[in-house]
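Here's the letter readout for the chains.
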Amino acid sequence: MLKSLNIDPGKCTGCLQCEMACSLENEGVFNTAKSRIKVFTFHEEGRFVPYTCTQCDEAWCMHACPVDAIVLNPVTGSKDVKSDLCVGCKVCTIACPFGTVNYNADSGKVVKCDLCGGDPQCASACPTDAITYVDANATGLDKMRQWAGKTDNAASTGA
Amino acid sequence: MAWTRQILRVNLSEGSCIPEPLNMDWANQYLGQRGLATRYLVEEIDPQCDALGADNKMIMATGPLTGTMASTGGRYSVITKSPLTGAVACSNSGGFFGAELKNAGWDMIIFEGKSAEPVYLHIENDSARLMPATDLWGKSCWETDEALHARHQDPQMRVAVVGRSAEKGCLYSAVINDLHRAAGRSGVGTVMASKNLKAVTVRGTLGVGNIQDPARFMNAVNAGKKVLAENPVTGEGLPALGTQVLMNVINEVGAMPTRNMRETQFEGASKISGEAMLEPRASDGKANLTRNGGCFACTIACGRISTIDREHFSVKEKPQYWGNSGGLEYEAAWALGSDTGVDDLDALTYANFLCNEDGMDPISFGATVAAAMELFEEGVITTQHTDGVELKFGNAQALCWAAEQVATGTGFGADLHLGSRRLCEKYGRPELSMTVKGQEFPAYDPRGIQGMGLTYATSNRGACHLRSYTVSSEILGVPEKTDPLQTEGKAGLVKAFQDATAAVDSAGLCVFTTFAWTLDDIAPQIDAACDGEWSPERLVEVGERIWQLERDFNLKAGLTAADDTLPQRLLKDAAKSGPAKGKVCELGDMLPEYYQLRGWTADGQLTAETRSKFGLPS
């Protein structure tokens, strides 16, 4: 079963545990500056919003790459950067409409979310379940459940 | 490991920024943050120096766990000599600034001297330079934060700043970071402003990677996160209601200092409680609380994100205050509310916003206003002093007016800048000041919670709840329940809390974790992160060493056993209502035993044995 990251900003407290888990997994250090998931704070609105790659099916980054360094992981569905092939041209960073592929000046390569090979550490680290890793065919399940809970059973039974 | 082993020395007189290696001998004895920075301070300043003179130094210090994934591991402290108390000051803050400093590769920054012109320190990893801040002087913390982010074109930069109150010499000004987190107490912001240092901006991209045993560390971190999540206080109460979960609880037990501590219960408590912050208001159907927010790495997230009712008198004509910002925490709600007798939640939230916007400690501010209100009701302060404002208990308009005056240092605000003790002395009624060592009380009346009386009297930074939060034991039953109205055993309890808290602070963790964590949960995280062995026993020893060092500084600064006391009101005037009715604080029953447990003489001096046992500098 294909799974997908599911983000519910309403549950996010802005603690950045996800960013640290990401950087630890991928860079071996606690370093929010190197995280592939970012939490944005909208201070005046009182909102925290985690944001990362959605793993598009027809991924702009993958199609744009001139050296085929971004490839589909058939197991997880993620679009992974092959660092040994990446030439650091940054075309993918321009092609991505969401800004979730970024250049790493230290390595000279681009980096993006690869779902940690199927065990995304951001989801494991999140203390409030704002980030979960769920059935890709049912990411709307939680919202459906919330609306279902508001259904008035009395109306249909005619009571 | 876990330390970056590098500190930055900034000489503001000379304009120099010079890196130097961390003294690892001291790190092994004092761990980090509060303890380690105090060791540097003791070495480098004359305890009798003028706190606002060029000879005082100010240290911003992280701990070994700051910047890691350890829950709440994002804290830093500002350590200096306090202008409010004349004692050692150490004010701890969350938010994101501390972790950013660590990510930039620095364990601490030592500021010395005084700049001739206003400056700010700008750090990008190993690059640190002083920049002109003349154009920022006279701006609020919020305006300065915005201006600096715009100037550097870097939304990810973190900013710590002082506001207009500090520039004008308010003795309880805070250092504000991330807009609404504060190194709040003892006037550390006043010291920063006295050095003509307006702000510190940091961007760190190096990360914290020097963990001794990363796999073991993550196991300990995850175990710790689980304990916090499953505990009813850290897993449910604090996220839902914040520290404001306490308002109704403390009022019920009769330990809610009210109207400058004349009473111990506040009839308006439920109107300004955490529960009240969730109630939809009439005007727009929204609650005061928008949501909870976490500091860096914190899996508790007790922080409040709030709005003020746009129809409220305080902001009706001021759309700049209509957005969300840091909301009321228990201490602020108490000081701005119960202590002033004001039960208007929106007025309190507005005053709290102003405390963040211009960097005032809301505890000391609220308690100073409360003292002024009593002076007003006694007829000592009159409308002649207050531009016609009726500065009476319960007057919400007067509270908001006072916050505006103090924020900008105008009019009667200059008198309120003095703090409660100096204000009451100026008007000839020193007995009306509810302070210890010149610092205003926090939100627990020691007539109803006896251990807190000893806590306040012996706190090394003046009256403070965060030096030994025995409320945890006496009210909440953590780690075990003790009777709040009894004094027996409280000397030992206070000492145990003081020592453990000093260690927790020095690690870079938040003391709120200790509602759920004991040192048995904390030590494995430090032990896996740092080289050497860090057992719970060693942490207790480090904590006690820190306590003794702070005490030694204060004695050398000129404080004596006579300063380890409480205002007469708490020792002589019995509580009028509630479970503590008829009780005073029986400090005298606890203090001698406490001195003995500490290894001090009957007049509060460290014995030669104690000095030698902890290896204190001479």
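In this text, all values refer to a predicted model and were calculated from it rather than measured experimentally.

### Focus on the overall build of chain B
Per the secondary structure count, chain B includes 23 helices and 17 strands. Overall size of chain B, expressed as C-alpha extent along the three principal axes, is 60 × 55 × 45 Å. Counting across all 618 residues of chain B, residues that qualify as buried make up 67%. Contacts in chain B between residues at least 24 apart in sequence constitute 68% of all its contacts with a sequence separation of at least 6. Approximately 19100 Å² of chain B is accessible, and the part contributed by carbon and sulfur atoms is 50%. Computing the positive centroid from 57 side-chain charges and the negative centroid from 77, chain B places the two 1 Å apart.

### Observations concerning the side chain of B:Arg39
Here B:Arg39 is to be found in helix α2 (residues 33-44). When residues no more than four places from it in sequence are discounted, the contact partners of B:Arg39 are B:Trp26, B:Tyr30, B:Leu549 and B:Pro617.

### Here's the deal with helix α12 (residues 362-377) of chain B
All names here are of chain B. An ideal rise of 1.5 Å per residue puts 22 Å on 16 residues; α12 measures up with 22 Å between its terminal C-alpha atoms. Of all the 16 residues making up α12, 15 are buried; the element is thus mostly covered by neighbouring parts of the structure. Where α12 starts, the residue carrying a side-chain oxygen 2.9 Å from the main-chain nitrogen of Ile363 turns out to be Asp361. Count one or two residues on from α12 and you reach Gly379, which has phi positive near 80°.

### A short note on the sheet that holds strand β11 (residues 181-183) of chain B
Residues and elements named next belong to chain B. A sheet is described by the order of its strands in space; here 6 strands give the open sequence β8-β7-β12-β9-β10-β11, paired in mixed fashion. The open sheet has two free edges, formed respectively by β8 (127-132) and β11, since each of these has just one partner strand. Taken over all neighbouring pairs, the strand axes of this sheet differ in orientation by 20° on average, direction set aside. Where strand β7 (residues 119-124) lies against β8, 6 bridges are found, and the strand directions are antiparallel. Bridge assignment links Ile123 to a residue of β8, and that residue is Ala128. Lying over the sheet, helix α4 (residues 141-152) contacts β7, β8, β9 (158-161), β10 (175-177) and β12 (197-203), oriented at roughly 145° with respect to β9.

### Here's the deal with the nonpolar core
All names here are of chain B. Of all hydrophobic cores here, the largest spans 194 residues; its most connected members are Met108, Phe217, Ile250, Phe365 and Tyr444. Excluding its chain neighbours within four sequence positions, the residues that come into contact with Ile250 are Ala255, Met256, Tyr330, Ala443, Tyr444, Ile449, Val471 and Ile475. Formed by 29 residues, the second largest nonpolar core is a distinct cluster that contains Met58, Leu121, Ile123 and Ala160.

### Concerning the environment of B:Phe497
Residue and element names in this part refer to chain B. Position of Phe497 among the secondary structure elements: in helix α18 (residues 490-507). Sequence separation between Phe497 and Thr455 is 42 residues; the distance between their C-alpha atoms is 9.3 Å. Residues in contact with Phe497, not counting those within four places in the same chain, are Arg467, Ser468, Tyr469, Thr470, Ser472, Ser473, Val478 and Pro479.

### Quick look at the interface of chain A and chain B
The interface is formed by 26 residues belonging to chain A together with 36 residues belonging to chain B. Taking both partners together, chain A and chain B bury about 2100 Å²; carbon and sulfur atoms supply 56% of that area. Applying the counting rule to chain A against chain B returns 0 salt bridges. Counting the contacts that link chain A with chain B gives 14 residue pairs in polar contact (both at pLDDT 80 or more). Looking at which element gives the most residues to the side of chain A that touches chain B, the answer is helix α1 (residues 17-27) of chain A, with 4 residues. Its residues assigned to classes, the side of chain A that touches chain B comprises 13 nonpolar, 8 polar and 5 charged.

### As for the sheet that holds strand β3 (residues 58-62) of chain B
Residues and elements named next belong to chain B. As summarised here, the arrangement of the 6 strands in space is β2-β1-β6-β3-β4-β5, forming an open sheet in which the pairing is mixed. Each edge of the open sheet carries a strand with a single partner, namely β2 (16-21) and β5 (88-93). Pairwise comparison of adjacent strand axes, ignoring direction, gives a mean angle of 20° for this sheet. Of the strand pairs in this sheet, strand β1 (residues 6-11) and β2 are connected by 6 bridges, and their pairing is antiparallel. Along β2, the bridge assignment pairs Ile7 with Glu20. Against the sheet, α2 engages β1, β2, β3, β4 (76-81), β5 and β6 (108-112), with an angle of about 25° to β4.

### Comments concerning the state of the cysteines
What the rule picks out here adds up to 0 disulfides over all chains. Here A:Cys122 stays free of any disulfide, with the sulfur of A:Cys113 as its closest cysteine sulfur at 6.3 Å. Residue classification places A:Cys122 among the buried positions, given a relative accessible area of 8%. With no disulfide partner, B:Cys464 has as its closest neighbouring cysteine sulfur the one in B:Cys90, 9.5 Å distant. Under the relative-accessibility criterion, B:Cys464 is labelled buried at 0%.

### Points about helix α15 (residues 419-426) of chain B
All names here are of chain B. Residues of α15 that are buried: Gly419, Ser420, Leu423 and Cys424. Projected onto a plane normal to the axis of α15, the buried residues spread over an arc of 150° and lie on a single side. Check the buried side of α15 and you find it contacts α12, α14 (413-416), β16 (435-436) and β17 (439-440). A positive phi of about 75° marks Gly428, the residue just after α15.

### Quick word on the pattern of salt bridges
Residue and element names in this part refer to chain B. Across all of its chains, the model carries 51 salt bridges over all chains by this definition. The residue Asp154 makes a salt bridge to Arg203 at a minimum N-O spacing of 3.2 Å. With Asp154 in the loop between α4 and β9 and Arg203 in strand β12, the pair connects residues that are 49 residues apart, well separated along the chain. For the pair Asp154 and Arg203, a shared accessibility class is recorded, and that class is buried.

### What about unusual backbone geometry?
All names here are of chain B. Put simply, Val478 and Pro479 share a cis peptide bond, and its omega is -5°. Even without a glycine there, the phi angle at Ala301 is positive, about 65°. With respect to the helices and strands, Ala301 occurs in the loop between β13 (289-293) and β14 (303-306).

### Examining the pairing of β12(B)
All names here are of chain B. Within β12, 7 of the 7 residues are buried, which leaves it mostly tucked inside the rest of the structure. Bridge count between β7 and β12: 6 bridges; the pairing is parallel. When the sheet's bridge partners are listed, Leu121 is paired in β12 with Val200. Note that β9 and β12 share 4 bridges and pair antiparallel. In the strand pairing of β12, Arg158 is matched with Val202.

Rules and cut-offs
Residues numbered from 1 in each chain as written. Chains lettered and ligands numbered in written order. Predicted model: local features only at pLDDT ≥ 70, side-chain atom pairs only at ≥ 80, totals over all residues. Heavy atoms only, no water. Helix = DSSP H or I, 4+ residues; strand = E, 2+ residues; numbered from the N terminus. Buried < 20%, exposed > 50% of the residue type's maximum accessible area, 1.4 Å probe, protein only. Contact = heavy atoms within 4.5 Å. Areas by Shrake-Rupley, 256 points an atom, 1.4 Å probe, with all protein chains shown as cover. Lys, Arg positive; Asp, Glu negative; His and termini not counted. Charge placed at Lys NZ, Arg CZ, Asp CG, Glu CD. Expected span 1.5 Å × (residues − 1). Polar contact = N/O pair within 3.5 Å; in protein donor to acceptor, adjacent residues only side chain to side chain. Pairing = 2+ DSSP bridges. Axes fitted to C-alpha atoms, helices over the stretch in contact; angles between N-to-C directions. Core = buried A, V, L, I, M, F, W, Y, C linked by side-chain atoms within 4.5 Å. Buried area = accessible area lost by both parts, 1.4 Å probe. Salt bridge = Lys/Arg side-chain N within 4 Å of Asp/Glu carboxyl O. Nonpolar A, V, L, I, M, F, W, Y, C, P; charged D, E, K, R; others polar. Disulfide = S-S within 2.5 Å. Arc of directions from axis to C-beta.

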